[in-house]
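# Survey of secondary and tertiary structure
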Amino acid sequence: MDEHIAEAIGRPDLIRVDDGLICLRFETMKVVSALAAVRHLLDTGAVRPGATLLDSSSGIYAYALALACHRYGMGCHIVGSTTVDHTLRTQLAILGATLEQMPPSDDLKLDQKRRVARVHEILREHPDHFWMRQYHDDIHYLGYRAVADRLYAEAGADGGLTLVGGVGSGASTGALARYLRRRTPDVRLVGVQPFGSVTFGSEHVADPEIIIAGIGSSIPFANVSHAAYDAVHWLSFDTALAGGVDLLRRHAVFAGLSTGAGYATARWERAQAPGRTTVFIAADTGHRYVDTVFARHAEAAPLDTLAPRMVTSLDELALPWARMEWAGAAAPAAAVAGTEGGRGPLQRT
Ligand SMILES: Cc1ncc(COP(=O)(O)O)c(C=O)c1O
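Scoring rules and cut-offs
- Residues numbered from 1 in each chain as written.
- Predicted model: local features only at pLDDT ≥ 70, side-chain atom pairs only at ≥ 80, totals over all residues.
- Helix = DSSP H or I, 4+ residues; strand = E, 2+ residues; numbered from the N terminus.
- Rg over C-alpha atoms; globule rule 2.2 N^0.38 Å.
- Buried ≥ 20, exposed ≤ 12 C-beta atoms within 10 Å, placed from the backbone.
- UniProt positions renumbered as here; feature names shortened; annotations may be inferred.
- Pairing = 2+ DSSP bridges.
- Near = placed C-beta within 6 Å.
- Nonpolar A, V, L, I, M, F, W, Y, C, P; charged D, E, K, R; others polar.
- Domains from an automatic or database assignment.
- Contact = placed C-beta atoms within 7 Å.
- Axes fitted to C-alpha atoms, helices over the stretch in contact; angles between N-to-C directions.

### Focus on the overall build of the protein
Within the protein, the regular secondary structure consists of nine helices and twelve strands. Taken over the C-alpha trace, the protein has a radius of gyration of 19 Å; the compact-globule value for 349 residues is 20 Å, and the two agree within 12%. Based on the C-alpha atoms only, the size of the protein along its principal axes is roughly 55 × 40 × 40 Å. By residue count, 48% of the 349 residues in the protein fall in the buried class.

### Digging into the UniProt feature "domain: Tryptophan synthase beta chain-like PALP" (unreviewed entry) in the protein
Within this structure's numbering, the places UniProt gives as "domain: Tryptophan synthase beta chain-like PALP" (unreviewed entry) are residues 29-282. The span residues 29-282 is 44% helical and 17% strand by assignment, and the distance between its end C-alpha atoms comes to 8 Å.

### Comments concerning the pairing of strand β12 (residues 321-325)
The buried fraction of β12 amounts to four of the five residues, a majority that puts the element mostly inside the structure. Across five bridges, the pairing between strand β9 (residues 231-235) and β12 is antiparallel. Note on β12: the bridge partner recorded for Leu235 is Trp321. Where strand β11 (residues 309-310) meets β12, two bridges bridge the pair, whose relative direction is parallel. Residue Arg309 lies in a different strand from β12, and its bridge partner there is Ala322.

### Looking at the site of the ligand
Residues in contact with the ligand amount to 18 residues; listed here are only the nearest, Gly168, Ser169, Ser172, Gly214 and Ala283. Secondary-structure elements contributing two or more residues to the shell around the ligand are α3 (60-72) and α7 (171-183). The element best represented in the shell around the ligand is α7, accounting for three residues. Taken together, the residues of the shell around the ligand sort by class into seven nonpolar, ten polar and one charged. Per-domain counts for the shell around the ligand show at least three residues from each of domain 1 (5-29 + 141-330) and domain 2 (31-138).

### Some words on the sheet that holds strand β5 (residues 98-101)
Spatial ordering of the open sheet is given by β5-β4-β3-β6, a layout of four strands whose pairing is parallel. Strands at the two margins of the open sheet, each flanked by one partner only, are β5 and β6 (130-131). Bridge count for strand β3 (residues 52-57) against β6 is two bridges, and the pairing is parallel. What sits directly across from Leu53, in β6, is Phe130. Strands β3, β4 (75-80), β5 and β6 of the sheet are contacted by helix α5 (residues 108-125), whose axis makes an angle of about 165° with β3.

### Observations regarding unusual backbone geometry
Here the residue pair Leu319 and Pro320 is connected by a cis peptide bond, since its omega of 5° sits within 30 degrees of zero. Mapped onto the elements, Pro320 comes out in the loop between β11 and β12. We note that Arg133 has phi near 50°; this positive angle belongs to a residue other than glycine. Turning to its location among the elements, Arg133 is positioned in the loop between β6 and α6 (144-155). With 25 C-beta atoms packed within 10 Å, Arg133 lands in the buried category. The phi angle at Ala327 is positive, at roughly 55°, despite the residue not being glycine. The residue Ala327 is located in the segment after β12 in this model.

### Let's talk about the domain arrangement of the protein
In terms of domains, the protein is made up of domain 1 (5-29 + 141-330) and domain 2 (31-138). The gap between the C-alpha centroids of domain 1 and domain 2 is 25 Å. With 23 residues of domain 1 at the interface, the matching set in domain 2 holds 24 residues. For the side of domain 1 that touches domain 2, the secondary-structure elements that each account for two or more residues are α1 (5-10) and α6. When residues of the side of domain 1 that touches domain 2 are assigned to their parent elements, the largest contribution, three residues, is made by α1. Its residues assigned to classes, the side of domain 1 that touches domain 2 comprises 14 nonpolar, seven polar and two charged.

What follows is the structure in C-alpha cells.
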C-alpha cells in the first residue's frame, strides 16, 4: 500500500512491447527522483522540515517537486519556463506550490538564463530557501536505484542490456546506467538528443520545427555524465513524431515526444544487436502533445523507412537523424559545467 499518490505515480511500468524490446514507462518520470532527493535532504539534515524548496523547471520537474513537497510537508517554489501549461499551473496552485512564470519567449537560451538569474535573486531575498539544482546535484540520481534494480530483476541481462533514453538533466539515463552497471557489466547506454543542444555538441545544427520538450539544453549541466554514454543519436522533431505515432499505432503506448525519439532509436539499436535486450524510457504521457504531435499523425513517415546517418565527428551532424559512437568521450567544451550551482563542489553519491 502506498502512503501517498507520489509513490504510485513514481513507480514505472515495464512492458515488453516486442521481442527484446522493453518500454520503461513512467506516467511522470521525475517524481521518483524528486521523492528520493527530498527524503535524502531531510534524512541528512540538509534541510529542516517545512522549509521551502526552490527550483527552475520547464515542466515535469515542477510537478515532481510539488508532489514530493506535498508528500513531505515542504514548501515549494517554482521558477517556471514559458512552457508550463494551464493544466500544470492549475495543479501546482492547488497542491500549494507557488509558480513564477517567465515571459513568453521563443529563445530557449534566454528563457533558461532568465530563470537561473531569477533563482539567484530569490535566494538573495530568501536565504532560508533551498535550491534543488536538478540539473547539477546528483541527489537526483538516488531515486532511480530502485527502478534499476527492478529492471535488472525483471528484464534479465542475459546477452546484455542496452538502455536508451532522452538526455535533459542527464539524471535518469546516467543514474539507471550507473545502478545497472553495478549489477552487470554489459550495459550499453545510448543517449537521445535534439539538434541545437550543447550537451553533446549539436548546437550548430538548427531544427526548424518545435523543440522536443525536456531533452537537450542550451547551457551545461553537471548531472550529465558524458563518460557513461556509448552512443548518441540526434533526432529531428519529424523523426521523433514518426516514433511517437508508430509507438501508439503499433504498441498502443501513448507517450510524449522524447519517448518517440527514444523508441525510434531503440528499434534501430535493437535491429543492429538482436541478441541484446533493449530498454527505452518513456518519460511522460502523450496528453501534452495532442495538438502539436499526435493530431499531425497523417504526416508521420513510416518508421521503418527512417534510419540514422552514421557520423564519426560532430561536424558531420545533420537533420533528420544522426548517430555517433560516443565511446565514453568527455563533454564537448561548451558542455563542461562549472560550479554555477553556487553551493560549492558537486556531490557525488
Ligand atoms: C519529457 C521528458 N523526457 C525526457 C527528459 C530527460 O530526463 P533527464 O532530465 O533525467 O535527463 C525530460 C526532462 O525534463 C523530460 O521532461
